[in-house]
Amino acid sequence: MKKVLLILIFIGFNACQPNLTCKDFKTGTFYIMNDDNSIYTTIVRKENSQLEFSEQNAHPTHITIEWIDDCTYRINYDRTKSLLEDTKVKLMSENNGLLIQKINISGNCMTYKATLNLPNGEKQEQIGKMCKG
């Protein structure tokens, strides 16, 4: 009887776990996590734009989003609204923005690869983790 009860509890617990898809990361509030799982940046996203809030910047960063498919998108600074260092804005703007691709979704978090193509043909890549708030 105890085994049956434990199995039912386990099934019920797993049934309550969210099965998120890429579409679940198109709108809402998200958190970019550091390696130690602390929050690095808070994102408030609408379909084609987002605001990023972090301790590094006194002002929110305005970002535009170009969706390639449900799991892949390109972000770029909105130069008309963001107060950022010119070198960061220029680097992303002149190099077609930052390409974000889903690697995996686990629980309420998505692991992604961010790629920036540099003018010299090199690629800068970084793996990150974004969690749904």
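Just so it is clear, the structure is predicted and the values come from calculations on it, not from any experiment. (Residues numbered from 1 in each chain as written. Predicted model: local features only at pLDDT ≥ 70, side-chain atom pairs only at ≥ 80, totals over all residues. Heavy atoms only, no water.)

Q: I'm lost on the packing of aromatic side chains in this one. Help?
A: Inspection of the entire model under this criterion finds two aromatic pairs. With a centroid separation of 5.7 Å and 25° between ring planes, the pair formed by phenylalanine 25 and phenylalanine 30 is classed as stacked. Phenylalanine 30 matches phenylalanine 25 in its accessibility class, with the two residues each being buried. With a centroid separation of 4.6 Å and an interplanar angle of 50°, the aromatic rings of tryptophan 67 and tyrosine 73 are classed as tilted. Of the two residues examined, tryptophan 67 and tyrosine 73, each falls in the buried class. (Phe/Tyr/Trp six-rings, centres within 6.5 Å; stacked < 30°, edge-to-face > 60°. Buried < 20%, exposed > 50% of the residue type's maximum accessible area, 1.4 Å probe, protein only.)

Q: Quick question: what am I supposed to make of the sheet that holds strand 2 (residues 39-46) here?
A: Within a beta sheet, neighbouring strands are joined by backbone hydrogen bonds and run either parallel or antiparallel to one another. Strand order in this closed barrel of eight strands is 1-2-3-4-5-6-7-8, and the pairing throughout is antiparallel. Direction aside, neighbouring strands of the sheet carry axes that sit 35° apart on average. Here six bridges tie strand 4 (residues 61-69) to strand 5 (residues 72-77), and the two strands are oriented antiparallel to one another. Bridge assignment links tryptophan 67 to a residue of strand 5, and that residue is tyrosine 73. (Pairing = 2+ DSSP bridges. Helix = DSSP H or I, 4+ residues; strand = E, 2+ residues; numbered from the N terminus. Axes fitted to C-alpha atoms, helices over the stretch in contact; angles between N-to-C directions.)

Function cannot be inferred from these measures alone, as they are strictly geometric.
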